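Letter by letter, the chains look like this.
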Amino acid sequence: HPEQHTIHCLIDVPRCYESGYAIVEQDPDTGIYDIAYVLDDYENEQLRQILNTTWEFDATVRSGVQGFVHSVVGIPDGSTDPPSLQSYDVALGVQVVTGYVVD
């Protein structure tokens, strides 16, 4: 249940943020979430900076904030399963993906 995932986990727990982030999507028929895209190193670092800047108050407050939704712009790389979402240098094939962020 990514809507219950805490900001604390995303930015304070080393094994969580070191594993990298992914965007999940919910299957409309089953309600089950699955990884839609894995973020590349650049996108992971950008998201870490956003999280740390937005949620810079103490970990106790972050522990109570759940369900981080974010939009990422990138190019899906179909060579992996699930596909990674790579940062882009050109606008060709760029997609905007919005969803819950998990580690």
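Everything here concerns the structure above.
Residues numbered from 1 in each chain as written. Predicted model: local features only at pLDDT ≥ 70, side-chain atom pairs only at ≥ 80, totals over all residues. Heavy atoms only, no water.

A. Molecular detail of the overall build of the protein. Secondary structure assignment for the protein yields four helices and five strands. Along the protein, helices (α) and strands (β) appear in the sequence α-α-β-β-α-α-β-β-β when read from the amino end. Within the protein, the proportion of its 103 residues that are buried is 33%. Within the protein, contacts between residues at least 6 apart in sequence are counted, and of these 61% link residues at least 24 apart. Within the structure as shown, the protein displays about 6200 Å² of accessible surface, and the carbon and sulfur contribution to it stands at 49%. (Helix = DSSP H or I, 4+ residues; strand = E, 2+ residues; numbered from the N terminus. Buried < 20%, exposed > 50% of the residue type's maximum accessible area, 1.4 Å probe, protein only. Contact = heavy atoms within 4.5 Å. Areas by Shrake-Rupley, 256 points an atom, 1.4 Å probe, with all protein chains shown as cover.)

B. Spotlight on a negative patch on the surface. On the surface, Asp27, Asp29, Asp34 and Asp81 cluster together into a patch of negative charge. Position of Asp27 among the secondary structure elements: in the loop between β1 (22-26) and β2 (33-39). (Patch = residues over 30% accessible without salt bridge, like charges linked within 9 Å, V, L, I, M, F, W, Y side chains within 5 Å. Salt bridge = Lys/Arg side-chain N within 4 Å of Asp/Glu carboxyl O. Lys, Arg positive; Asp, Glu negative; His and termini not counted. Charge placed at Lys NZ, Arg CZ, Asp CG, Glu CD.)

C. Main features of the side chain of Asn44. Note on placement: Asn44 falls in helix α3 (residues 41-54). From its side chain, Asn44 meets the backbone oxygen of Leu39 in a polar contact 3.0 Å long. Sequence-distant contacts of Asn44, defined by excluding residues within four places in its chain, comprise Gly20, Tyr21 and Leu39. (Polar contact = N/O pair within 3.5 Å; in protein donor to acceptor, adjacent residues only side chain to side chain.)

D. A look at the nonpolar core. Formed by Ile7, Leu10, Ile11, Tyr21, Ile23, Leu39, Leu47, Leu51, Phe68, Val72 and Val101, the largest nonpolar core amounts to 11 residues. Ranked by residues supplied to this core, first place goes to helix α1 (residues 7-12) with three residues. (Core = buried A, V, L, I, M, F, W, Y, C linked by side-chain atoms within 4.5 Å.)

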